[in-house]
Amino acid sequence: VRPGESVGLVAAESIGEPGTQMTLNTFHFAGVSEMNITMGLPRIIEVLDGRKKLSTPMMDIYFKKPYSQGQDIKKIALSIKETHLEDVAAEISINLADNRIEVVPDTGKLSEIGMTPAGLISAIKSETKSMSVDLRKEFISFRVKNKEESVHEIFKLKEKIKGITIKGIKGISQVLPVKRDNEFVIITAGSNLKKILALPYVDETRTIGNDIFEIEAVLGIEAARQAIISEVYKVIENQGLNVDIRHLMLVADTMCSSGRVQGIT
């Protein structure tokens, strides 16, 4: 570039012009019907605007050997996926006479995620502080410590109990093991980079999410800059367009120049 050339203008033109021709097909399914990923122009806008709340956060989790070759991959997937109490409950009812909520666990679903009723109780106890939890013969009883709770409060508690996380990593709502080249990768809907990177069998050098702010918080601003470049480039390449990577690098530099990610809005 000659000194004095308006590189910002050229970069803006070079990204904006193909951006106008992009198909507005916003969702692209990751090989299955239930997992969709924002692609195309909406995704580029999401990144360059610096939106904190993504429409479809996701992660690609890579593994160390032997897990990357498919060993225990289903088991790992189930242990990562966030499971709530309502997912393993056969029924949840309110017993107004005794002021308690009764949850009947579905033993089949429990064994699917590799849990025992006793394990379930300890998982619940670590999440609830304001209630006393007991395992009876056929159900788990939740009793409010304060006896004078109104009916309305008990109904509110029932909703709260449904959402108790009993297993898995918060924020990961779906998991999908897929084979890429000659190894297994798990694609997730939802992301939690910090917790996933702490798992012993995860390859922390390649595992990545698409939430730039999360990457900045966990790995720092340089990683966030790289993530901006690769996320935008991925969309552009996917659409079969041709934009020189230097333009994207300039945009990413501008967004990160203050030391934290700021959108070009």
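The structure presented is a predicted model; accordingly, all values stated were derived computationally and were not measured.

**A word on the packing of aromatic side chains**
Applying the stated rule across the entire model yields 2 aromatic pairs. Aromatic side chains F63 and Y201 sit 6.1 Å apart centroid to centroid with 35° between the ring planes, which places their arrangement in the tilted category. Of this pair, F63 sits in the loop between β3 (58-61) and α3 (73-80) while Y201 sits in the loop between α7 (193-197) and β12 (208-209), and the two are 138 residues apart along the sequence. There is no split in this pair, since F63 and Y201 are both buried. Ring centres of Y67 and Y201 lie 5.7 Å apart, and the angle between their planes is 55°; this geometry places the pair in the tilted category. Pair noted here: Y67 is in the loop between β3 and α3 and Y201 is in the loop between α7 and β12, with a separation of 134 residues, a long-range link. The partly exposed category is assigned to Y67, whose relative accessible area is 24%. Every member of this aromatic cluster is reached through a ring pair, and the members are F63, Y67 and Y201. Against the face of F213 rests K52, its NZ or CZ located 4.7 Å from the ring centre.

Each value, and the rule that gives it
Residues numbered from 1 in each chain as written. Predicted model: local features only at pLDDT ≥ 70, side-chain atom pairs only at ≥ 80, totals over all residues. Heavy atoms only, no water. Phe/Tyr/Trp six-rings, centres within 6.5 Å; stacked < 30°, edge-to-face > 60°. Helix = DSSP H or I, 4+ residues; strand = E, 2+ residues; numbered from the N terminus. Buried < 20%, exposed > 50% of the residue type's maximum accessible area, 1.4 Å probe, protein only. Lys NZ or Arg CZ within 6 Å of the ring centre and 35° of its normal.

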